[in-house]
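Architecture and fold: a report
Spelled out from the first residue to the last, the chains are:
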Amino acid sequence: MTSNSNQDVDRSDRNQEIASDQTGERSTPACPFHDPAGGNGPSEERERDDSGTDQPGLVDRAVDRRSFMRTALAIGGTSALAAVRSPATEDGAGSNRIDLDVPQGPTNPKAFPERQHAWNQDIKKDPFGNVVLPNHQLILFLNYVDKGTPTGRERNEVESAFRTLELAFQRLAAGDSDADNQGLVFMVGYSRSYFDRFDPDLPNSVDFLRPEDVLRRTDDDPDKADNYDAVILLSSDTVPVLLGSEEALFGGLEHLNGVKVRGTLEGIFEKAERRTAFVGKGLPRENLVDEPDAPLTDETPEEITNESVTENLRGDAPLSMGYKSGFKDNVATEDAATITTGPFKEGTTFQVSKLQLDLGKWYENKRESRDELMFSHEHSRADIGDIGENLEDDSGITEDIVDDLKKTAEERGRVGHAAKTALARNEDFEPLILRRSEGVNNSFVKPEEGKVGFNFSAVMEEIQDFVKTRQAMNTSHLDDYIDEGGHGILPYMEVTNRATFLLPPRKRRSLPRPLPNE
C-alpha cells in the first residue's frame, strides 16, 4: 500500500485551531442588496453593467432579483459572484470577499453531526412536518489532479476549506423549522474511480456499486455513467451563499461572510462539471414559462412554447410535473440511510442522476390521469388537492394498493409511480432511499417539445437499495398489461447521467483512504 504520509488528520485539534484562528477574523456581515453600505449591488435601475461579468446584459436585464440570482448561480465563477456581491470592502478592495445578511455557523466542530446527510435537525419543515428542500442546489463534480494517492498536507488543506464554509454560514434554517433555508449545507462524496488508486480496496461493509453496474441492473445504458473522482453537493435558499462557497473552495476569496478563508481545493481537485437546479413553490413555471430571459444555463434556452405545458403547469407547483414530493411516509429516515458498521460507519452511499423530462407529453394527459400516474388509481383530486397539499404528511400509498398492482394494471392499463416504487419498501413498509436534493435544470429545454432537465440525488445505506427502488419503478413484470404512457412517470423521463459515491462520515470527508485505520 502506498503511504505518502497518508495518516488520518486529527480533525478535532485541527478544527479547534481553525475555529480559534477565524473567530478573530469575523466581522459584521453586510447584505449587498439591503445594506446601504453595501455599495452598488444588482439593481434593475442601473444604466450599465459595471459588475465585471462577461455575460452581456446580465445586470441590465429587467428581471426580478430572484430570477437574476438563478441566472448567476448557473453561470458561476468570478463574473457571477461579482454581479451579486457588493464591490465595497473594509480595505477598499472589491474582489476578495463577500459579506451577506446570513448568520455565521458555530465555531465548535462538535456542533456538526458526524453524518453528512443528517439535515433534518436544521432544515425548514412545512406545516405537516415534511422536509422542505432548499430552493437552489449546486453540484460540483471533481477529479483529483495527482496520479498518486493524496498526502497528509492535501488532507489538511481540503479539510480547512470545508471548515471555512461551516464557519461562514449557519446550517440552513439553524433548527428553526419555520424559517427559510438561508444558510448552507453540503456533502462530499468519493467514487470507485477515486478509491481505485489505493491498495487495498474498500471494506466489505461498504456496498458501493459502480454507476455502470447500477445502470445495467436498472435496464439503462451503461454508457451514461459518470466516473468523476468526487462530488460536492451544496444547497441553500440563498444563491450568493452557493456562489461564495464555490469561490472560497477554489481560492477565489480571502474572506467569506466575515470569516477568513483557509484551505483550498485549487491544485488538488479540478472542476470537471457543475450542475445547478431549483425547486420550490412556483419556481418551475416562473423560470420555464413566465421569464424566458432568466434561464439557468449559459446557453440561454428559449421559453417553453409547448401548449400542453403552458396551459397546465400550475403557477404554484414546486416541481415541473406539477406535484410536491418528499412526504414523510415516502422517504427513508436518516437512520435507515446510514452505514452502521466498519470504518465508514455513520456515512452513507449517494447516487446522483441527471434526467430529461418530457413535460409536453406528460401534460397531454388530463389532470385525473396525471393524478393516477403520479400516485395511484385510489387517489382522487380531493385527496390530492392542487399540488399534493391535501395529502399533508402521507402519500396515501397503502400496502393494499401495492398488493393489487397487477390487478390494477390488468383492469386499468396503468399504474401509479408512487405505488410502484412502494414495491421496494422493507418488511415494515418503509422506504429505502432518502432524497437529499432534486430540482429542475433547464439545460435540456426543447421549447416546442416541452422537454427539460432534472437533477435527482438520494442517499441510502447501500447502493443496492437504490437499484431495488429503481427496479420497482420499472415493474417490467407488468409490461404486458400496461397501455402506452401508463407506466407511472417512467414513459416521461430518460436517464442521461448517473454517478455513485460513498459519503464518508464527517471526520473522514477529506480525501479518505479505503481503510482509514491502516
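Residues numbered from 1 in each chain as written. Predicted model: local features only at pLDDT ≥ 70, side-chain atom pairs only at ≥ 80, totals over all residues. Heavy atoms only, no water.

1. Brief notes about the overall build of the protein chain
In terms of regular secondary structure, the protein chain is built from 16 helices and 11 strands. Burial statistics for the protein chain: of 518 residues in total, 60% are counted as buried. For the protein chain, the share of sequence-separated contacts (at least 6 apart) that also reach a separation of at least 24 residues comes to 80%. (Helix = DSSP H or I, 4+ residues; strand = E, 2+ residues; numbered from the N terminus. Buried < 20%, exposed > 50% of the residue type's maximum accessible area, 1.4 Å probe, protein only. Contact = heavy atoms within 4.5 Å.)

2. What to know about the confidence of the model for the protein chain
Per-chain confidence: the protein chain averages 85 in pLDDT, with 80% of residues scoring 70 or above. The low-confidence segment residues 86-93 (pLDDT under 50) makes 14 contacts with residues lying over four places distant or belonging to another chain. Every residue in residues 292-301 is under pLDDT 50, and counting partners more than four places away or in other chains gives 32 contacts. (pLDDT = per-residue confidence, 0-100.)

3. Comments concerning the packing of helix 4 (residues 152-168) against helix 7 (residues 239-249)
Helix 7 packs onto helix 4 with a crossing angle of 155° between their chain directions and a minimal axis gap of 10 Å. Between helix 4 and helix 7, the angle falls in the class roughly antiparallel. Note on packing geometry: the crossing formed by helix 4 with helix 7 is right-handed. Residues A161, F162 and L165 of helix 4 form the contact with helix 7, whose participating residues are S245, A248 and L249. (Axes fitted to C-alpha atoms, helices over the stretch in contact; angles between N-to-C directions. Parallel < 35°, antiparallel > 145°, perpendicular 65-115°, else oblique. Left-handed = near helix turned anticlockwise from the far one by under 90°.)

4. Quick word on the packing of aromatic side chains
Overall, the coordinates contain 14 aromatic pairs when judged by the stated rule. With a centroid separation of 6.3 Å and an interplanar angle of 70°, the aromatic rings of Y144 and F269 are classed as edge-to-face. Of this pair, Y144 sits in strand 2 (residues 136-144) while F269 sits in strand 7 (residues 269-278), and the two are 125 residues apart along the sequence. An identical accessibility class is assigned to Y144 and F269; each is buried. The structure contains a cluster of three or more aromatic residues connected by ring pairs, namely Y190, Y194, F195, F198, F208 and F344. Sitting above the plane of the F250 ring, K271 keeps its charged end 4.8 Å from the centroid. (Phe/Tyr/Trp six-rings, centres within 6.5 Å; stacked < 30°, edge-to-face > 60°. Lys NZ or Arg CZ within 6 Å of the ring centre and 35° of its normal.)

5. Re the side chain of D226
In this fold, D226 is placed in the loop between helix 6 (211-217) and strand 4 (230-236). A polar contact of 3.2 Å, which involves the side chain of D226, links it to the side chain of N497. Setting aside residues up to four positions removed in sequence, D226 forms contacts with P211, R275, N497, R498 and A499. (Polar contact = N/O pair within 3.5 Å; in protein donor to acceptor, adjacent residues only side chain to side chain.)

6. With respect to the pairing of strand 2
With 9 of 9 residues buried, strand 2 lies mostly within the body of the structure. Neither face of strand 2 is exposed, since H136, L138, L140, L142 and Y144 on one face and Q137, I139, F141 and N143 on the opposite face are all buried. In this sheet, strand 4 lies alongside strand 2 in antiparallel orientation, the contact comprising 7 bridges. Bridging across to strand 4, F141 finds its partner in V231. Note that strand 2 and strand 7 share 9 bridges and pair antiparallel. Bridge pairing links H136 to F278 in strand 7. (Pairing = 2+ DSSP bridges.)

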